[in-house]
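Here's the letter readout for the chains.
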Amino acid sequence: MYSEKVMDHFNNPRNTGDMENPDGIGHVGNPVCGDIMELYIKVKDDIITDAKFKTFGCGAAIATSSMVTEMVKGKSLADALKISNKAVAEALGGLPAIKMHCSVLAEEALSSAIDDYLKKNPTRNTDALRKLHKTPHHEETE
Amino acid sequence: MQRIYLDYAATTPTDPNVVQAMLPYFHDAFGNPSAIYSYGQEAKNALEEARGKVARLIGARDEEIIFTSGGTEADNFALKGAAYANQKKGNHIITSAIEHHAVLESCKFLGKMGYKITYLPVDKYGLVDPDSVKKAITDKTILISVMHANNEIGTIQPISEIGKIAKEAGILFHSDAVQTAGHIPVNVNELGVDLLSMSGHKLYGPKGVGVLYTRKGSKLTPFMHGGGQERGRRASTENVPGIVGLGQAAELAGQDLEGETQRLIGLRDKLISGIVQKVDRTHLNGHPVKRLPNNVNISVEFVEGESMCLNMDIVGICASTGSACSSGSLEASHVLLAIGLEHVQAHGSLRFTLGKWTTEEEVEKVLEILPRIIGKLRAMSPLTKNLSPG
Ligand code: FES
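Parameters and conventions
In every chain, residue numbers begin from 1 and rise along the written sequence. To read the labels, note that chains go from A and ligands from 1, taken in the order they are written. Predicted model: local features are reported for residues with pLDDT of at least 70 only, side-chain atom pairs are reported and counted for 80 or more only, and whole-chain, interface and lining totals are derived from all residues. Side-chain numbers here rest on the full set of heavy atoms in the structure, without hydrogens or water. For this analysis, a nonpolar core means a set of buried residues of the types Ala, Val, Leu, Ile, Met, Phe, Trp, Tyr and Cys, connected via side-chain atoms within 4.5 Å. Think of it in three bands: residues with accessible area under 20% of the maximum for their type are buried, residues over 50% are exposed, and the middle band is partly exposed, with areas taken using a 1.4 Å probe on protein chains only. Numbering of helices and strands starts at the N terminus; helices are DSSP runs of H or I of at least 4 residues and strands are runs of E of at least 2. We call two residues in contact whenever any of their non-hydrogen atoms come within 4.5 Å of each other. Each salt bridge in this description consists of a side-chain nitrogen of Lys or Arg and a carboxyl oxygen of Asp or Glu lying within 4 Å of one another. Accessible area that two parts lose when put together, evaluated with a 1.4 Å probe and summed over both, is termed the buried area. Under the rule applied, a polar contact is a pair of N or O atoms within 3.5 Å (in protein, one hydrogen donor and one hydrogen acceptor; residues adjacent in sequence only if both atoms are side-chain atoms). In this analysis an axis means a line fitted to C-alpha atoms, helices contributing only their contacting stretch, and an angle means the value between N-to-C directions, from 0 to 180 degrees. When describing relative orientation, an angle under 35 degrees is termed roughly parallel and one over 145 degrees roughly antiparallel, while 65 to 115 degrees is termed roughly perpendicular and anything else oblique. In this scheme the handedness of a crossing depends on how the near helix is turned from the far one: anticlockwise by less than a right angle means left-handed, clockwise means right-handed. Throughout, the ten residues Ala, Val, Leu, Ile, Met, Phe, Trp, Tyr, Cys and Pro are labelled nonpolar, Asp, Glu, Lys and Arg are labelled charged, and all others, Gly among them, are labelled polar. Stacked, tilted and edge-to-face pairs are distinguished by plane angle, under 30 degrees for stacked and over 60 for edge-to-face with tilted covering the rest, among Phe, Tyr and Trp rings (Trp via its six-membered ring) whose centres lie within 6.5 Å. Here, over-ring charges are defined by two tests on the NZ atom of lysine or the CZ atom of arginine: distance to the ring centre within 6 Å, and angle to the ring normal within 35 degrees. To estimate the expected span of a helix, subtract one from its residue number and multiply by 1.5 Å. Within this analysis, patches are made of residues with over 30% relative accessible area and no salt bridge. Like charges are joined at 9 Å or less; nonpolar side chains (Val, Leu, Ile, Met, Phe, Trp, Tyr) at 5 Å or less. Residue exposure ignores everything except the shown protein chains as possible cover, and the areas themselves are Shrake-Rupley values with a 1.4 Å probe.

*Asks:* Would you mind going over the nonpolar core with me for this structure?
*Replies:* As a rule of thumb, nonpolar side chains are buried together in soluble globular proteins. The biggest cluster of nonpolar side chains holds 122 residues, and the ones touching the most others in it are Ile58(B), Leu196(B) and Phe352(B). Top element by residues in this core is helix H5 (residues 100-120) of chain A. It accounts for ten residues. Apart from the residues lying within four places of it in its own chain, the contact partners of Ile58(B) are Ile65(B), Val186(B), Asn187(B), Val188(B), Leu196(B), Met198(B) and Tyr213(B). Counting residues in hydrophobic clusters, the runner-up holds 19 residues, among them Phe77(B), Ala83(B), Ile117(B) and Leu220(B).

Set out below in structure tokens:
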């Protein structure tokens, strides 16, 4: 049911575990099935230098969290906020339709981590980024 | 990779003896049992022989066996057939909260058609209290349907006690015995049932064939209309190879029921105690003793079931889960919720169901691998903050 890429990220998830002194923490729950995802980021000069996650959820949830932490590393906050759940799913070679909601969780965990960072670090950029953050762009189905 | 199949409650491999018995009925003795020439009569004889074998397994008379396309049809037939046939008598049906979807969805459908359905709760082990059945009966009650044993948690219900209550009240009593027939003793008279569902592929027979036992005199509207097959109770040309296979499977199952039961109970309890001892924060679901000999259902805290099953599949172990994530509807198992589990506990449930070809080495392999998988997943679970992994 899952692509090879999904199974690879599921079986060897990248960037799992706690992070010491993260600059931003995202914590989201999946309203559909009740799963929980936490995402931690380190930020320097508006660039995400490191990301880690912890997930209580299905194979797709673990694989999308793993993928999203890979995708954000090295990205500016603005670019990171543009990552949609669809992009994460595509990077994984697609997800079964019924599992798209798990990738939404990954997208939301990321934006919640960035949000947390922005709250703790109000800069001149904040307003523009906040706006970007508020724009919902995820899609539930392919 | 050597695969370890531990999902016998989902389906069993067809026994090679059963396959052998079926083969002649595809090409050689292929006739339509309704035909009067020899091809037809050969098929007809095979059909009746199979009927006798199934009847003997459950202590029924031959003519009380109706072949269906499977357990789901047998359940639908029992529920809807009894509901329609007894409309004048009443419109109330009693069932339990942990029935198979084939019963629950049939009840839901009947509910929409105007019938009143009572869903009895179960205790923390999944047991229906016979007293609650008694109390639920009204003068409008036309059917009671309680499964013999639950497919997810393996709990065996006090069917003969409920049977007595139904008989006293003069109400039809149906039991879904898909998980029990051929696995533990099933005798329709001892159980006191009027209707009983069976499925071929759960007892080493083929898929696509099942049985509805119908006690003589039970009022039931036919499920399929058409030709006069099965004494006019179930139209459609009989699935002769499938039925022959089911007959053969029933005969084989009856041969070493007690020995196989004891063997499986040994393996089951080894697996249960092994997991619970080796892994912290794991709990058995279902009844410790009133339990199918082959059923292990465990909740593992802090991890999700689908991810455990996927990890096991990677190393060749096939098991299932009641987690919302792995159900098509994204809802947690109704059985686990009915026995009082929290959503997150249902999330971490695992079911292993053992069978004829399960060996002690396989059980040991699972006991060696599963704790590692759980440790790996717990290490990345946000719920284990204050717990050492594993
Ligand atoms: S996290 Fe529950 S279905 Fe993916």
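Next comes the rest of the write-up.
*Asks:* Would you mind showing me how to read the pattern of salt bridges here?
*Replies:* For side chains of opposite charge, pairing can occur when their charged atoms come near one another. All names here are of chain B. Applying the stated rule across the entire model yields 23 salt bridges over all chains. Glutamate 48 is paired through a salt bridge with arginine 51; the nearest N and O atoms lie 2.8 Å apart. Remark: arginine 51 and glutamate 48 occur in helix H3 (residues 38-58); sequence separation between them is three residues, near one turn of the helix.

*Asks:* Just to check I follow, could you spell out the interface of chain A and chain B for this structure?
*Replies:* A common way to state how big an interface is: give the accessible area lost once the parts meet. If you look at the interface, chain A gives 25 residues, while chain B gives 25 residues. For the pair chain A and chain B, the summed buried area comes to about 1,900 Å², and 68% of that belongs to carbon and sulfur atoms. Among the residues chain A hides against chain B, the three largest losses belong to Phe10(A), Lys54(A) and Phe56(A). Together they make up 31% of the total. Remark: the boundary between chain A and chain B carries one salt bridge. Glu306(B) is the salt-bridge partner of Lys99(A), the closest N and O atoms lying 2.6 Å from each other. For the interface between chain A and chain B, the tally reads eight residue pairs in polar contact (both at pLDDT 80 or more). Contributing elements (two or more residues each) for the side of chain A that touches chain B: helix H1 (4-11), strand S2 (36-44), strand S3 (47-56) and helix H2 (59-72) of chain A.

*Asks:* Got a minute to help me understand the packing of helix H10 (residues 257-278) of chain B against helix H14 (residues 360-379) of chain B in this structure?
*Replies:* Helix packing for two helices is described by the angle between their axes and how far apart those axes are. Residue and element names in this part refer to chain B. Orientation of H10 relative to H14, taken along the N-to-C sense of each, is 15°, at an axis distance of 10 Å. If you check the angle between H10 and H14, you find them roughly parallel. For the element pair H10 and H14, the recorded crossing hand is right-handed. Residues Leu267, Lys270, Leu271, Gly274, Ile275 and Lys278 of H10 touch H14, and the partners they reach there are Glu360, Val363, Glu364, Val366, Leu367, Glu368, Leu370 and Pro371. Residue classes in the contact of H10 with H14 are distributed as eight nonpolar, one polar and five charged.

*Asks:* I tried to follow the packing of aromatic side chains on my own but got confused; where do I start?
*Replies:* The description of an aromatic ring pair uses the distance of the two centres, along with the angle that the planes make with each other. All names here are of chain B. Enumeration according to the criterion identifies five aromatic pairs over all chains in this entry. Judged by centre distance (4.6 Å) and plane angle (40°), the rings of phenylalanine 30 and tyrosine 39 are tilted. Judged by relative accessible area, phenylalanine 30 falls into the partly exposed class, the value being 46%. Taken together, the aromatic side chains of Tyr5, Tyr8, Tyr204 and Trp357 make up a single cluster linked through ring pairs. When the ring centre of tyrosine 204 is taken as origin, the NZ or CZ atom of lysine 356, which lies over that ring, is 4.5 Å away.

*Asks:* Please explain helix H9 (residues 240-255) of chain B as it appears in this structure.
*Replies:* Since one α-helical turn is 3.6 residues long, residues separated by three or four positions face the same way. Residue and element names in this part refer to chain B. With 16 residues, H9 should reach 22 Å at 1.5 Å per residue; the first-to-last C-alpha distance of 23 Å fits that figure. In terms of residue burial, H9 counts as a mostly covered element, since twelve of its 16 residues are buried. Buried residues of H9: Val240, Pro241, Gly242, Ile243, Val244, Gly245, Leu246, Gly247, Gln248, Ala249, Ala250 and Ala253, and no others. Each element contacted by the buried residues of H9 is listed here: helix H1 (16-22), helix H2 (24-27), H3, strand S2 (65-68), strand S8 (210-214) and H10. The N-cap of H9, judged by a side-chain oxygen 3.0 Å from the amide nitrogen of glycine 242 a few residues on, is asparagine 239.

*Asks:* For this particular structure, what's the right way to read a nonpolar patch on the surface?
*Replies:* Residues and elements named next belong to chain B. On the surface, Val19, Leu23 and Phe26 cluster together into a nonpolar patch covering about 270 Å² of accessible area. Along the polypeptide, leucine 23 turns up in the loop between H1 and H2. According to the relative accessible area criterion, leucine 23 is partly exposed, its value standing at 46%.

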